[in-house]
Amino acid sequence: MAAIYSLFIINKSGGLIFYKEYGSAGRMDTNDSLRLASLWHSMHAISQQLSPTNGCSGIELLQADTFDLHCFQSLTGTKFFVVCEPGTLHMETLLKVIYELYTDYVLKNPFYEMEMPIRCELFDLNLSQVIQKDRGALLGR
């Protein structure tokens, strides 16, 4: 069973610009993935405003019985979140590696328009390699 179920990338306006499933359990249709991304964007924004701590950047980890949701927000407001098995380690590092891939292969692509869905073959290819490498590392625990 895969440790990582899915990856979402949300733009600063809350729009889903990238979604990829890696697990076979609980496949979502397009509308469900859009709803989940929108819900997460809203919860993240509300948590920033309601936090008793000054300078809070929002929810970074949501733990449930059947999954963990790890989030990384870039300085531009783009959010990267991974849904994975409960207790999966090193997801913060994985999210930062995914962000580096995003900056290298998406933002530097002259044909990519900001805030639009990501359609970049090199990003997909390198992302798949990173996820497979991470799965191998997790299985070798």
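Parameters at a glance
- Residues numbered from 1 in each chain as written.
- Predicted model: local features only at pLDDT ≥ 70, side-chain atom pairs only at ≥ 80, totals over all residues.
- Heavy atoms only, no water.
- UniProt positions renumbered as here; feature names shortened; annotations may be inferred.
- Phe/Tyr/Trp six-rings, centres within 6.5 Å; stacked < 30°, edge-to-face > 60°.
- Helix = DSSP H or I, 4+ residues; strand = E, 2+ residues; numbered from the N terminus.
- Buried < 20%, exposed > 50% of the residue type's maximum accessible area, 1.4 Å probe, protein only.
- Pairing = 2+ DSSP bridges.
- Axes fitted to C-alpha atoms, helices over the stretch in contact; angles between N-to-C directions.
- Contact = heavy atoms within 4.5 Å.
- Salt bridge = Lys/Arg side-chain N within 4 Å of Asp/Glu carboxyl O.

- Per an unreviewed UniProt entry, the recorded name for the chain is Trafficking protein particle complex subunit, and the organism is Ensete ventricosum.
- What UniProt states about the chain under its Sequence similarities (unreviewed entry) heading is, verbatim, "Belongs to the TRAPP small subunits family. TRAPPC4 subfamily."
- Per UniProt, the chain carries the Subunit (unreviewed entry) text "Part of the multisubunit transport protein particle (TRAPP) complex."

### Comments concerning the packing of aromatic side chains
(1) Moving on: One pass over the full model with this rule turns up 9 aromatic pairs.
(2) Moving on: Note on F80 and Y102: the rings are 5.2 Å apart at their centroids and 75° apart in plane angle, and the pair reads as edge-to-face. Within this pair, whereas F80 is found in strand β5 (residues 79-84), its partner Y102 is found in helix α2 (residues 91-107), the two being separated by 22 residues in sequence. For the pair F80 and Y102, one class covers both residues: buried.
(3) Moving on: The rings of F8, Y19, W40 and F81 are connected pair by pair, giving a single aromatic cluster.

### Overview of unusual backbone geometry
It is generally the case that most residues other than glycine have a negative phi and that most peptide bonds are trans.
(1) Moving on: A positive phi angle, close to 65°, is found at H90, a residue other than glycine.
(2) Moving on: Despite not being glycine, E115 has its phi angle at roughly 70°, a positive value.
(3) Moving on: Topologically, E115 is positioned in the loop between α2 and α3 (121-139).
(4) Moving on: By relative accessible area, E115 is classed as partly exposed at 26%.

### A short note on the environment of E121
(1) Moving on: With respect to the secondary-structure elements, E121 resides in helix α3.
(2) Moving on: A relative accessible area of 70% places E121 in the exposed class.
(3) Moving on: Considered as a pair, E121 and Y105 are 16 residues apart in the sequence and their alpha carbons are 8.8 Å apart.

### Focus: the sheet that holds strand β1 (residues 4-10)
(1) Moving on: With antiparallel pairing, 5 strands are arranged side by side in an open sheet as β2-β1-β5-β4-β3. The open sheet has two free edges, formed respectively by β2 (16-21) and β3 (61-63), since each of these has just one partner strand. This sheet shows a mean twist of 10° between the axes of neighbouring strands, independent of strand direction.
(2) Moving on: Helix α1 (residues 30-50) contacts β1, β2, β3, β4 (68-73) and β5 of the sheet and is inclined by roughly 70° relative to β1.

### Notes on the pattern of salt bridges
(1) Moving on: Considering all chains together, one arrives at 2 salt bridges under this definition.
(2) Moving on: The partner of D32 in a salt bridge is R35, with the nearest N and O atoms 2.5 Å apart. Here the residue D32 and the residue R35 both occupy positions in helix α1, the gap between them amounting to 3 residues, near one helical turn.
(3) Moving on: Relative accessible area serves as the criterion here: at 52%, R35 is assigned to the exposed category.
(4) Moving on: The partner of K108 in a salt bridge is D104, and the shortest N-O contact between them spans 3.3 Å.

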